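Listed here are the chains, written in short residue letters.
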Amino acid sequence: MFVRGTVCIFIWAFAQGVGASDRISVGIGSANDNIEVYRIGLQRDFDKHWLRDKSWGFSGYWEASINRWDDDESINALAVSPVFIYAPNRSVGTMPYLEAGVGVALISDTEIGGRRLSTAFQFEDRIGIGLRFGEQRKHDLNLRYLHYSNASIKRPNDGIDIFILSYGDRKSTRLNS
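Residues numbered from 1 in each chain as written. Predicted model: local features only at pLDDT ≥ 70, side-chain atom pairs only at ≥ 80, totals over all residues. Heavy atoms only, no water.

Notes on the environment of Ile162
So, step 1. With respect to the secondary-structure elements, Ile162 resides in strand β10 (residues 160-170).
So, step 2. Classification of Ile162 by relative accessible area gives buried; the value is 0%.
So, step 3. Taking C-alpha positions, Ile162 is 7.7 Å from Val37, a pair spaced 125 residues apart along the chain.
So, step 4. When neighbours within four sequence positions are excluded, Ile162 is seen to be in contact with Ser30, Ala31, Val37, Trp69, Arg144, Tyr145, Leu146 and Tyr148. (Helix = DSSP H or I, 4+ residues; strand = E, 2+ residues; numbered from the N terminus. Buried < 20%, exposed > 50% of the residue type's maximum accessible area, 1.4 Å probe, protein only. Contact = heavy atoms within 4.5 Å.)

Some thoughts on the sheet that holds strand β1 (residues 23-31)
So, step 1. Sheet architecture is closed into a barrel: eight strands sit in the order β1-β2-β3-β4-β5-β8-β9-β10, paired in antiparallel fashion. Here the average twist between neighbouring strands, direction ignored, is 25 degrees.
So, step 2. Here strand β2 (residues 35-45) runs beside strand β3 (residues 56-70); their pairing, made up of 10 bridges, is antiparallel. Following the sheet pairing, Glu36 is matched in β3 by Asp70. (Pairing = 2+ DSSP bridges. Axes fitted to C-alpha atoms, helices over the stretch in contact; angles between N-to-C directions.)

A word on the pairing of strand β9 (residues 139-149)
So, step 1. Sheet analysis places strand β8 (residues 121-133) next to β9, joined by 11 bridges and oriented antiparallel. Paired with Phe133 across the strands is His139, a residue of β9.
So, step 2. In this antiparallel pair of consecutive strands, β8 and β9, the connection spans five residues, and Gly134 shows a positive phi of 90 degrees.
So, step 3. Looking at chain direction, β9 and β10 are connected through 10 bridges and run antiparallel. Bridge pairing links Leu146 to Ile162 in β10.

Observations regarding the packing of aromatic side chains
So, step 1. Under the counting rule described, the total for this entry stands at nine aromatic pairs.
So, step 2. Residues Phe58 and Tyr86 carry aromatic rings whose centres are separated by 4.8 Å and whose planes lie at 40 degrees to one another, so their mutual orientation is tilted. With Phe58 in strand β3 and Tyr86 in strand β4 (residues 74-88), the pair connects residues that are 28 residues apart, well separated along the chain.
So, step 3. Residue Phe58 is classed as partly exposed on the basis of its relative accessible area, which comes to 34%.
So, step 4. The exposure class assigned to Tyr86 is partly exposed, which follows from its relative accessible area of 32%.
So, step 5. Here the aromatic cluster, defined as three or more aromatic residues joined through ring pairs, consists of Phe46, Trp50, Trp62 and Phe84.
So, step 6. Above the face of the Tyr97 ring, Arg132 is positioned so that its terminal group lies 5.2 Å from the ring centre. (Phe/Tyr/Trp six-rings, centres within 6.5 Å; stacked < 30°, edge-to-face > 60°. Lys NZ or Arg CZ within 6 Å of the ring centre and 35° of its normal.)

Right, dumping it as structure tokens:
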């Protein structure tokens, strides 16, 4: 019941966030044991920047995502994560960046591809590289490594490792530099 209630709240919040988000992204990737991964995410830029007086600085965004993992079985996952970006401090042109974040996720099942995750609650760790380009950096292309695990809250804790290629499209005129 708790998981169903949380899922309903997440879907409602996700729908509300579509209008408030700065970017929507779609991704496709794969995980261990030939598991296919699909992801839709909404991102909201932080209104904060650090080290703005240096050539590179930090900013970031919040991401809420809906994920699907498929092999002979399927798992749906809902995730929320703060993501920190390290990028050049310039307001024009193409922007390469590095990103990292740790968030939380709820998964619909605890077994896939012979992997046992034990709990519906998971941590979502990520690192990635990306490129924002086009007019006002409207387009975002990135490659991420994601790791889901319950941090050994309960065993077995096989975890799952995902590589995903994503494309994002900015909906507003805010710049994240």
